[in-house]
Amino acid sequence: MRLGGPWAWLLGLPTAVVYGSLALFVSVLHNVFLLYYVDTFVSVYKIDKAAFWVGETVFLLWNSLNDPLFGWLSDRRFLSSQPRSGTGLSSRAVVLARVRALGWHGPLLALSFLAFWVPWAPAGLQFLLCLCLYDGFLTLVDLHHHALLADLALSAHDRTHLNFYCSLFSAAGSLSVFASYAFWNKEDFSSFRAFCLALATGSGLGFVGAARLLRRRVEAAGRELGCPAMAVNGGLCEEELLVGREDVGSITLGQYLQQLARHRNFLWFVGMDLVQVFHCHFNSNFFPLFLEHLLSDHISLSTGSFLLGISYVAPHLNNLYFLPLCRRWGVYAVVRGLFLLKLGLSLLMLLAGPDHPGLLCLFIASNRVFTEGTCKLLTLVVTDLVDEDLVLNHRKQAASALLFGMVALVTKPGQTFAPLLGTWLLCFYTGHDLFQQPPQAPVGSAQPWPEPPAPPPAQAPTLRQGCFYLLVLVPITCALLQLFTWSQFTLHGRRLHMVKAQRQNLSRAQTLDIKVV
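An unreviewed UniProt entry lists the chain under the name Major facilitator superfamily associated domain-containing protein, with Muntiacus reevesi as the source organism. Of the comments in the UniProt record for the chain, the one headed Subcellular location (unreviewed entry) reads "Membrane".

1. Here we look at the overall build of the chain
Secondary structure assignment for the chain yields 18 helices and zero strands. Long-range contacts, defined as pairs at least 24 residues apart, comprise 87% of the intrachain contacts of the chain with a sequence gap of at least 6. Put simply, the chain shows about 24,200 Å² of open surface, and 65% of that area lies on carbon and sulfur atoms.

2. Examining helix α10 (residues 253-261)
Along α10, the residues that are buried comprise Tyr 256, Gln 259 and Leu 260. Looking down the long axis of α10, one finds its buried residues gathered within 100 degrees of arc, a one-sided arrangement. Where α10 is buried, its residues touch α3 (49-75), α11 (264-295), α14 (357-393) and α15 (400-411).

3. Regarding the state of the cysteines
With the rule as written, the count across this model stands at one disulfide. Put simply, Cys 280 and Cys 375 are joined by a disulfide, and their sulfur atoms are 2.4 Å apart. Looking along the S-S bond of the Cys 280-Cys 375 disulfide, the torsion reads about 115 degrees, which is the right-handed sense. Highlighted residues: Cys 280 in helix α11 and Cys 375 in helix α14, separated in sequence by 95 residues.

4. Overview of the nonpolar core
Formed by 107 residues in total, the largest nonpolar core has its most connected members in Phe 113, Phe 116, Trp 117, Phe 192, Phe 269 and Trp 486. Per element, the largest residue contribution to this core is 16 residues, and it comes from helix α2 (residues 15-44). Filtering out sequence-adjacent residues up to four positions away, Trp 117 remains in contact with Val 32, Phe 33, Tyr 36, Tyr 37, Thr 40, Tyr 45, Phe 189, Phe 192, Arg 193 and Cys 196. If you look at the next biggest cluster of nonpolar residues, it comprises 25 residues, including Phe 278, Phe 287, Leu 291 and Leu 426.

5. A few points about the packing of α3 against α15
Closest axis-to-axis distance for the α3/α15 pair is 7 Å, and the angle between their directions is 165 degrees. Taken together, the axes of α3 and α15 lie roughly antiparallel to each other. Seen along the crossing, α3 lies across α15 with a hand that is left-handed. From α3, Ser 64, Asp 67, Pro 68, Gly 71, Trp 72, Ser 74 and Asp 75 reach across to α15, where they touch Ser 400, Ala 401, Leu 402, Gly 405, Met 406, Ala 408 and Leu 409. The class makeup of the residues in the contact of α3 with α15 is seven nonpolar, five polar and two charged.

6. Description of unusual backbone geometry
Of note, Lys 46 is a non-glycine position whose phi angle comes to about 60 degrees, a positive value. Along the polypeptide, Lys 46 turns up in the loop between α2 and α3. Backbone geometry places His 394, a non-glycine residue, at a positive phi of 50 degrees. Position of His 394 among the secondary structure elements: in the loop between α14 and α15.

7. Examining the packing of aromatic side chains
What describes a pair of aromatic rings is the distance from one ring centre to the other and the angle between the planes of the rings. A full pass over the atoms with the stated rule returns 36 aromatic pairs. Ring centres of Phe 183 and Phe 195 lie 4.8 Å apart, and the angle between their planes is 15 degrees; this geometry places the pair in the stacked category. Placement of the pair is Phe 183 in the loop between α7 (176-180) and α8 (190-224) and Phe 195 in helix α8, with a sequence separation of 12 residues. Judged by relative accessible area, Phe 183 falls into the partly exposed class, the value being 32%.

8. Some points on a nonpolar patch on the surface
Together, Val 118, Trp 120, Leu 125, Leu 129 and Leu 133 give the surface a local cluster of nonpolar side chains, amounting to about 450 Å² of exposed area. Within the fold, Val 118 resides in the loop between α4 (91-114) and α5 (123-152). Its relative accessible area of 43% is what places Val 118 among the partly exposed residues.

9. Description of the confidence of the model for the chain
Confidence in the prediction of the chain, expressed as mean pLDDT, is 79, and 80% of residues score 70 or more. Of all secondary-structure elements in the chain, the lowest mean pLDDT belongs to helix α9 (residues 230-233), at 33, while helix α13 (residues 331-352) reaches the highest, 94. This stretch, residues 82-88, has a pLDDT under 50; its non-local contacts, to residues over four places away or in other chains, come to 11 contacts. Below pLDDT 50 for its whole length, residues 437-461 participates in six contacts with residues either more than four positions away or in separate chains.

10. With respect to the environment of Cys 478
Position of Cys 478 relative to the elements: it lies in helix α17 (residues 460-487). Taking the C-alpha atoms as reference points, Cys 478 and Phe 339, 139 residues apart in sequence, are found 8.7 Å from one another. Sequence-distant contacts of Cys 478, defined by excluding residues within four places in its chain, comprise Val 275, Phe 278, His 279 and Lys 342.

11. Some details on the side chain of Thr 411
Assignment of secondary structure puts Thr 411 in helix α15. Residue contacts for Thr 411: discarding those within four places in its chain leaves Val 270, Asp 273, Leu 274 and Val 277.

12. What about the pattern of salt bridges?
Where charged atoms from two side chains of opposite charge approach closely, those side chains can pair. In total, this model carries 10 salt bridges according to the counting rule given. Arg 159 is paired through a salt bridge with Asp 384; the nearest N and O atoms lie 3.3 Å apart. Here Asp 384 lies in helix α14 and Arg 159 lies in helix α6 (residues 156-174), a separation of 225 residues in the sequence. A salt bridge links Arg 495 to Glu 388, with the shortest nitrogen-to-oxygen separation between them at 2.6 Å. Of this pair, Arg 495 sits in helix α18 (residues 494-507) while Glu 388 sits in helix α14, and the two are 107 residues apart along the sequence.

Here is what the cut-offs are and how they apply
Residues numbered from 1 in each chain as written. Predicted model: local features only at pLDDT ≥ 70, side-chain atom pairs only at ≥ 80, totals over all residues. Heavy atoms only, no water. UniProt positions renumbered as here; feature names shortened; annotations may be inferred. Helix = DSSP H or I, 4+ residues; strand = E, 2+ residues; numbered from the N terminus. Contact = heavy atoms within 4.5 Å. Areas by Shrake-Rupley, 256 points an atom, 1.4 Å probe, with all protein chains shown as cover. Buried < 20%, exposed > 50% of the residue type's maximum accessible area, 1.4 Å probe, protein only. Arc of directions from axis to C-beta. Disulfide = S-S within 2.5 Å. Core = buried A, V, L, I, M, F, W, Y, C linked by side-chain atoms within 4.5 Å. Axes fitted to C-alpha atoms, helices over the stretch in contact; angles between N-to-C directions. Parallel < 35°, antiparallel > 145°, perpendicular 65-115°, else oblique. Left-handed = near helix turned anticlockwise from the far one by under 90°. Nonpolar A, V, L, I, M, F, W, Y, C, P; charged D, E, K, R; others polar. Phe/Tyr/Trp six-rings, centres within 6.5 Å; stacked < 30°, edge-to-face > 60°. Patch = residues over 30% accessible without salt bridge, like charges linked within 9 Å, V, L, I, M, F, W, Y side chains within 5 Å. Salt bridge = Lys/Arg side-chain N within 4 Å of Asp/Glu carboxyl O. pLDDT = per-residue confidence, 0-100.

Structure below.
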């Protein structure tokens, strides 16, 4: 049947655009979730403190473990060096399996997002279940989406092209943060619920449509290469790609971990990425604090809110410039340049001091934007590690989702260390505890909420000075650590070309001829 009108236009979209649109359907939900879920349960549903911390503790454990768990369940069949008789998978079958997973898990992510905004259980129980369900489906979507980046394309040019559209659509999805301000009202929650319903509906339908378009592309490529059974039986071709060279069966999780422990570039990368995740979340956690104590006397409240909102969008737009540089110079060189830039700007700010509000404003914004942008570029490095893992261990297929999950397992503790270490450093230097309500009531005071006494002049600049040193010394330390670990990373230049050539020979990547442009 020949389709016309808008359907024909949709079918004619480049694969890179369809793949990138998946980032839009995640971004429109996730940015609203991050901004409002705590305020909703604390201010609207009135969750008690104990239930809140129990939910956050369980969520912390689940968030750390579900990446490798889902990655292992998804990709463990690819780890053996030689496929079992009659069950080998082609590259097209792997891609189709990931696309089908996105078609199912995407709408379920949208449904779990909706579960936050309607009270349907006691607040503590709903908080725990909603967090775990939402993060579980988000992890499944992210793992398969990132894995497709490694499975759809092999060359650095094609992967940066796919990532370019991810950044473009993620920036568009971040605009939901600005739109949400028009509907957010703690007293009348109905308009915000309707807004979230519209977001979830658009996201769920978008996942279904994008998954179908991607599936058509893969099946069409299979038919052109003489694999008509793909459209019927889900992608298993008569010819199977026998990548392995060792006569071994499926490996255990312990054996896989031993292989990772011998993967030198993986170890250096996760060491660097742990620092990067720490720095990203440090900036997110302390961005409002820096604005309040370093710039509140020089910028208006609306300007501060605008800076906070634009910080969600700018990293994606920033990557639209850096990704073409990655094609020209390589991801390794661009990331190293960003580390040097972070170090240089931080040293300049340290020498200038805290009494230059314009320079401070520029530094705070650029520090967050460049750091978040670097995090998004590192996805390309993980795809190169997927290639090297396949070549080093002679796998029958690239275990893309599993490797992304293992990277997340090692680096996610940086999310927890960021607020803990930041608040400890601030308390150590200034004596100011962020977990206590400032200022303290005078000893023996009968008033439960006394008027705050004016701070002594000698102590007035202490907290401001502490925030300034925290602002500049953390990125300096992170940059130095990252420059050292990144200098030990060898998967670039000649070695990277050699790995990609070997993967192409092992995987016969030409059997998946899907144009991404």
